[in-house]
Amino acid sequence: MEHTETQIEKVSRWIEKVTLNDIPEEVTKLAKFQSVDCISAICAGHRSHIGQKNLSRF
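From a predicted model like this one, the values you see are computed outputs, not experimental measurements.

Definitions and cut-offs
- Residues numbered from 1 in each chain as written.
- Predicted model: local features only at pLDDT ≥ 70, side-chain atom pairs only at ≥ 80, totals over all residues.
- Heavy atoms only, no water.
- Helix = DSSP H or I, 4+ residues; strand = E, 2+ residues; numbered from the N terminus.
- Rg over C-alpha atoms; globule rule 2.2 N^0.38 Å.
- Buried < 20%, exposed > 50% of the residue type's maximum accessible area, 1.4 Å probe, protein only.
- Areas by Shrake-Rupley, 256 points an atom, 1.4 Å probe, with all protein chains shown as cover.
- Lys, Arg positive; Asp, Glu negative; His and termini not counted.
- Charge placed at Lys NZ, Arg CZ, Asp CG, Glu CD.
- Disulfide = S-S within 2.5 Å.
- Salt bridge = Lys/Arg side-chain N within 4 Å of Asp/Glu carboxyl O.
- pLDDT = per-residue confidence, 0-100.
- Patch = residues over 30% accessible without salt bridge, like charges linked within 9 Å, V, L, I, M, F, W, Y side chains within 5 Å.

(A) How the structure looks around the overall build of the protein chain. Assigned secondary structure in the protein chain consists of three helices and zero strands. Along the chain direction, N to C, the helices and strands of the protein chain fall in the order α-α-α. Rg of the C-alpha trace for the protein chain: 20 Å, well past the compact-globule value of 10 Å for 58 residues, more than 25% over. Taken along its principal axes, the extent of the C-alpha atoms in the protein chain is 55 × 35 × 15 Å. Within the protein chain, the proportion of its 58 residues that are buried is 3%. Entry remark: accessible area of the protein chain is about 5800 Å², with carbon and sulfur atoms responsible for 62%. The protein chain carries 8 positive and 8 negative side-chain charges, and their two centres are separated by 13 Å.

(B) How the structure looks around the state of the cysteines. Considering all chains together, one arrives at zero disulfides under this definition. Unpaired in terms of disulfides, C38 finds its nearest cysteine sulfur in C43, a separation of 11 Å. Owing to a relative accessible area of 40%, C38 belongs among the partly exposed residues under this scheme.

(C) Geometry of the pattern of salt bridges. Overall, the coordinates contain one salt bridge when judged by the stated rule. R13 serves as the salt-bridge partner of E5, at 2.6 Å between the closest nitrogen and oxygen.

(D) View of the confidence of the model for the protein chain. Of all residues in the protein chain, 100% attain a pLDDT of 70 or more, and the chain-wide mean is 91. For the protein chain, the element scoring lowest by mean pLDDT is helix 3 (residues 49-55), at 82; helix 1 (residues 7-17) scores highest, at 96.

(E) Geometry of a nonpolar patch on the surface. Together, V11, W14 and I15 give the surface a local cluster of nonpolar side chains, amounting to about 330 Å² of exposed area. As for its position among the elements, W14 is in helix 1. Note on W14: relative accessible area 59%, which makes it exposed.

So, in structure tokens, the structure goes:
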């Protein structure tokens, strides 16, 4: 029985071959800004009342 490749397998195979040089510079720049934004949100949330309450659970 022949295996038919699924969409996720196709995407996975493509991702496996992608290098940083394949990604446009503007996209990597935006990704870096998004990463910094997420870290900033985590730090701000950590200092909030609700963030402190959630931290106390751990």
